Amino acid sequence: MADEELSILHGRRRRKNAFFTALVVIPALIVLGLLAAIVIEVLVKGAGAFSASFFLEAQKPFGDPGGGIANGIIGTLMVLGIASLVSVPLSLAAALYLSERKGRALARLLRLVIDSLQGIPSIVIGVVMYAWIVIPMKSFSAFAGGIALSLIMIPTVTTTILEVLLLVPSSFREAAISLGAPHWRASLGIILPAAKTGILNGVGLGIARIAGETAPLLFTAFGNPFMNLNAGKPTSAIPLIIYDYIKSPYQDWHQKAWGAAFLLVLFVFLVNVLIGAGGKGKKGA
Amino acid sequence: MKINRVGAAVLMALLFSAAGSLAVAQSSSITLLGSGASFPGPIYSKMFDVYAKETGVKVNYQSIGSSGGIKNIMDKVVDFGGTDSFIKDADMMKYSAPIVHIPTVIGAVVITYNLPGSPELKLTGELIADIYLGKVSKWNDQAIQSLNPSVKLPNLAIMPVYRSDGSGTTFNFTAYLSEVSADWKGKVGNANSVSWPVGQGAAQNAGVAGVVTRAPGSIGYVELAYANQNKLAVAMVRNSSGKWIDPSLSSISAAAAGSFPKDTRILLVNTSAPDGYPICAMTWLVVYKDQKYGNRSLDQAKALVDLLWWVSHDGQKYAPDLDYAALPPPAVKAVEDVVRSITYGGQPVRK
Amino acid sequence: MNDKRYFGILTGAAILFVALFAGLILTLVANSAATLGSSGLGFISGLEWNPVTLKFGAWPFIMGTLLTSFIALAISLPFSLATGILLGEYVRSSFVAKTANIFINLLASIPSVVYGLWGLTAVVPLVQKIETAAGVPAYGVGILSSSLVLAIMIIPFMSSMTREVLKNVPDSLRHGALALGATRREMVLGVSLPYVKSGIAAGVLLALGRALGETMAVTMLIGNATRLPSSLFSIGNTLASVIASQFNEAESDVHRSAMMELALILLLITFVINFAGRKIIEKSSGGRNGR
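Q: Can you help me understand the overall build of chain C in this one?
A: Regarding its fold elements, chain C presents 13 helices and 2 strands. With the principal axes as the frame, chain C shows a C-alpha extent of 70 × 60 × 30 Å. Counting every position in chain C, which comprises 291 residues, the buried fraction comes to 58%.

Q: Where do I start with the overall build of chain B in this structure?
A: A tally of helices and strands in chain B yields 13 helices and 13 strands. Overall, chain B is about 70 × 65 × 35 Å in size when its C-alpha atoms are taken along their principal axes. For chain B, buried positions account for 54% of its 351 residues. Taking as baseline every contact in chain B between residues at least 6 positions apart, the subset at least 24 positions apart corresponds to 72%.

Q: Is there a simple way to explain the sheet that holds strand 5 (residues 122-123) of chain B in this structure?
A: Two modes of strand pairing occur in sheets, parallel and antiparallel, and in both the strands are linked by backbone hydrogen bonds. The mixed open sheet is built from 3 strands, whose spatial order is 5-9-10 (chain B). The open sheet terminates on both sides in strands that have one partner only, identified here as strand 5 and strand 10 (244-245) of chain B.

Q: Can you walk me through unusual backbone geometry in this structure?
A: Excluding glycine, residues mostly have negative phi values, and the peptide bonds linking residues are mostly trans. Residue and element names in this part refer to chain A. Unlike most non-glycine residues, phenylalanine 222 shows phi in positive territory, near 80 degrees. Here phenylalanine 222 shows up in the loop between helix 10 (215-218) and helix 11 (238-247). What makes phenylalanine 222 buried here is the crowd of 30 C-beta atoms within 10 Å.

Q: Before we go on, may I ask you to explain the packing of helix 7 (residues 143-167) of chain C against helix 10 (residues 197-213) of chain C in this structure?
A: Residue and element names in this part refer to chain C. With their axes 8 Å apart at the nearest point, helix 7 and helix 10 run at an angle of 160 degrees to one another. For the element pair helix 7 / helix 10, the angle class is roughly antiparallel. Pair helix 7 / helix 10 crosses with right-handed handedness. On the side of helix 7, the interface is formed by Leu150, Ile154, Phe157, Met158, Met161, Thr162 and Val165, while helix 10 contributes Gly199, Ile200, Ala202, Gly203, Val204, Leu206, Ala207, Arg210 and Ala211.

Q: Where do I start with the sheet that holds strand 3 (residues 80-83) of chain B in this structure?
A: Residue and element names in this part refer to chain B. The strand order across the open sheet formed by 8 strands is 2-1-3-11-4-8-6-7, and the pairing between neighbours is mixed. Lying at the two open borders of the sheet, with one neighbouring strand each, are strand 2 (58-62) and strand 7 (200-202). Strand-to-strand twist of the sheet, defined as the mean angle between neighbouring strand axes without regard to direction, takes the value 25 degrees. Strand direction decides the pairing type here: strand 6 (residues 159-163) and strand 7, joined by 3 bridges, are parallel. Residue tyrosine 162 lies in a different strand from strand 7, and its bridge partner there is glycine 201. Those strands touched by helix 3 (residues 66-74) are strand 1 (31-36), strand 3 and strand 11 (280-288), and its axis lies near 155 degrees from that of strand 3. Where helix 9 (residues 204-214) meets the sheet, it contacts strand 4 (99-113), strand 6, strand 7 and strand 8 (218-223), and its direction lies at approximately 155 degrees from that of strand 8.

Q: I would appreciate a short explanation of the interface of chain C and chain A in the present structure.
A: Accessible area lost upon the coming together of the parts serves often as the stated size of an interface. Of the residues lining the interface, 86 residues belong to chain C; the matching set on chain A comes to 89 residues. The dominant element in the side of chain C that touches chain A, judged by the number of residues it contributes, is helix 1 (residues 3-31) of chain C, at 12 residues. Residue composition of the side of chain C that touches chain A, by class: 52 nonpolar, 23 polar and 11 charged.

Q: Can you help me understand the interface of chain B and chain C in this one?
A: Between chain B and chain C, the contact holds 22 residues from the first and 21 residues from the second. Secondary structure elements with two or more residues in the side of chain B that touches chain C: helix 3, strand 7 and helix 9 of chain B. Sort the elements by how many residues they give to the side of chain B that touches chain C and helix 3 of chain B lands first, with 3 residues.

Q: Can you help me understand the packing of helix 4 (residues 105-117) of chain A against helix 6 (residues 142-167) of chain A in this one?
A: Packed helix pairs are specified by the crossing angle of their axes together with the interaxial distance, meaning the distance between the axes. Residues and elements named next belong to chain A. Where helix 4 contacts helix 6, the two axes come as close as 8 Å, and the packing angle between them is 125 degrees. Between helix 4 and helix 6, the interaxial angle falls into the category oblique. Considering the relative orientation of helix 4 and helix 6, their crossing is left-handed. Residues Ile114, Asp115 and Leu117 of helix 4 form the contact with helix 6, whose participating residues are Leu151, Ile154, Pro155, Thr158 and Thr159. A per-class count over the contact of helix 4 with helix 6 returns 5 nonpolar, 2 polar and 1 charged.

Q: I'm lost on the nonpolar core in this one. Help?
A: Most often, soluble globular proteins keep nonpolar side chains buried together rather than apart. Counting 304 residues, the largest nonpolar core has Ala94 of chain A, Ile106 and Cys280 of chain B together with Ile243 and Ala263 of chain C as its most contacted members. Residue-level mapping places this core at the junction of two domains, with at least three residues from each of domain 1 (3-47) and domain 2 (53-278) of chain A. Not counting the four nearest positions on each side in its chain, isoleucine 243 of chain C is found in contact with Pro121, Ile123 and Val124 of chain A together with Thr215, Met259, Leu262 and Ala263 of chain C.

Q: Got a minute to help me understand the pairing of strand 6 of chain B in this structure?
A: Strand residues, when the strand is regular, have side chains that alternate between the two faces of the sheet. Residue and element names in this part refer to chain B. Burial within strand 6 is extensive, with 5 of its 5 residues counted as buried. Residues Met159, Val161 and Arg163 point to one face of strand 6 and Pro160 and Tyr162 to the other, with burial holding for every one of them. One ladder, built from 3 bridges, connects strand 6 with strand 8; its direction is parallel. Counted as the bridge partner of proline 160 is isoleucine 219 from strand 8.

So, how was this worked out
- Residues numbered from 1 in each chain as written.
- Chains lettered and ligands numbered in written order.
- Predicted model: local features only at pLDDT ≥ 70, side-chain atom pairs only at ≥ 80, totals over all residues.
- Helix = DSSP H or I, 4+ residues; strand = E, 2+ residues; numbered from the N terminus.
- Buried ≥ 20, exposed ≤ 12 C-beta atoms within 10 Å, placed from the backbone.
- Contact = placed C-beta atoms within 7 Å.
- Pairing = 2+ DSSP bridges.
- Axes fitted to C-alpha atoms, helices over the stretch in contact; angles between N-to-C directions.
- Parallel < 35°, antiparallel > 145°, perpendicular 65-115°, else oblique.
- Left-handed = near helix turned anticlockwise from the far one by under 90°.
- Nonpolar A, V, L, I, M, F, W, Y, C, P; charged D, E, K, R; others polar.
- Core = buried A, V, L, I, M, F, W, Y, C linked by C-beta atoms within 7 Å.
- Domains from an automatic or database assignment.

In structure tokens form, the structure reads like this:
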């Protein structure tokens, strides 16, 4: 690593450097501060709801003691699982296509499609998936919910993976080819692993993006006050419970809603950590 | 690509939940699905929880909004739809088969406001309409003061707050205003969502109440349950018999105690009942009159009909604790007739 | 597996997406048939939104959407870039960078409705103070409040991308600059950032797309009035917030159709903005690094 002290720095350049550093550090700290403020507020408002029954019991009507959001926890795991199963491979494929077939018309079209998909309000995605999946199946299902969420997740994941793929130095592919590897092997065996941290970060961000989505689930997963493990049946989800409870007149339910929101953020944090979303620091080149 | 071992475990867990559960066999107990109005959500949640304990029949109701409920029952993906406004004759045509309405509970729209000292105010329907039309814009306006001579009203601007999200509450509120004010009826009209001449919007009861409690001089309309649970100041409203009525469970039930139409489709606002609160809101469940459609079994139909009977009888006792008004006897009688008219392949399900 | 199959799978995925998108548009068009045919272009320019008389116009909402999204983007840009640069370039400890990055990602996981509620308690009173000082009606809610919260919501998308691409700048380039005597600032501004320009731009478009389609939080903070916003302090509506507010309780088919048409318009706007955005990226990169 080059040592700044060795270079000949005039005072002005040094000042500019320090100023820039401040310009970078201060806003970033503000962002982290905001995040802390929001999460702390959620925690403060919802901590009172935490108890064993909150995590282990399904919902109970207002006025009944105990009760929790266990049905929502299971449901969220199911729909997020299905959404990830569907969107990760598709996003990888789309990103690979976009990075390796850049000039083509289909690639340009695909790029626009992925970008524009984001502009569809999630409630509309839910309404369309209702028509495409729920009505033909004649049933609400975690499956339909997962598909709806995957459509929302895909643009985030694809875009992130793509930008990282584009930055893998061409020398990697050249080296692989010079060793006789076929194109596909170079892509999957060399390029993808080189972009690993970016891919994991994209997936982590994508999961974060959909974990709190409510509207699309209203018309697809539907919700369920009872515990359910069947992906073909209506399922609850934490955001649905939050939505219900927040709308109600009851302070107790509001507190549970905040508690559920905190749980959701905690869950996303854990998933991100476990899949290694933060990634390593620097990498050599 | 090496994946962190714990990460792999989590991935496996997610995948397992997703893929493995697709193979789980269908449960054999009966489940009924319903969706629609959010207003009765809490009381349905209580009723259906008790019902599951007593009969083993699981009822899954989701408050996705009246419009969603109507759509779902039209698409036949639920057993019953919940709605705060009954289906009009013209819209009945859209259903592939005749439907019936079963009222379940009654609520009310109350007027809440933010004034120093939280005095109890008396307001008439026409005055409320004028406020929301922007014709009366100061609290110490003569129109308000003359109705409340003992209250010292401040020289404060009135800020009307309305529901930004479409809702049955708005429907009933605007229905009331349309009944008592020809001006309102002409300029704005009556629906789940309207074009408000003045004021600002807020989402949900919580949003409206939030604005009102924070902004001095503001006035808004919310559900009774919400006002009670959060101890909001509410106004007394003059009903069509000239009495000043405080919104309460008894004055709400009283509003429905007059004559009740056989098909139960009645707009309760501006009731002629002498002791009734004038801005009441009933909520219904909508089902198909003949239950033999799709591949519905007789057992499913029986379960539904039994549920409807239970809700209008035994279920009613759970309403007051949650700030909902129970159906008065004439309404229950009408419900019984409707429920007895539900058939399966032409044969009545409940004798 | 061979190259042919590999590209077959990739192309298949690409076609699937395009077909999906076409299907979405078709479904939206089919569902907005009632208003699409009758009002035509008048729908886009109309200023009234009346579910009772069934007169629908989208212009105030189009303005609301564009205003809130671009203002949010403008507010968010410096913060997102700073965060991305800090975590992608300055922070050496991989543990700190990793943890901080996950925390930033968490901002994306907070449910929209929670952002709305937080905005009501934390942002709106502040804006009310500003409005009272400025002498305008102190609604609190409005374009400013919703833009501020929206700005926070879209930070993770821009900053995550910025960080990822900065991390991938070859050390040979960076060290080369430093070896020539550049300060950190000069290296970042002169070498790293230009190298990842299009990646950052992609992050900006991602964040913008997110802002355009956001519903719940905006709906709780924008005041919900059908009027053309005249200033930062105006209350108004966006295309997405109208849909989110009124869809669940729309009584008439025409009302529902009008909202599906709003969705169609929003989709078109997103499409056009992304198209223009990509064109600008292409022009400025001008063939550098083969991108």
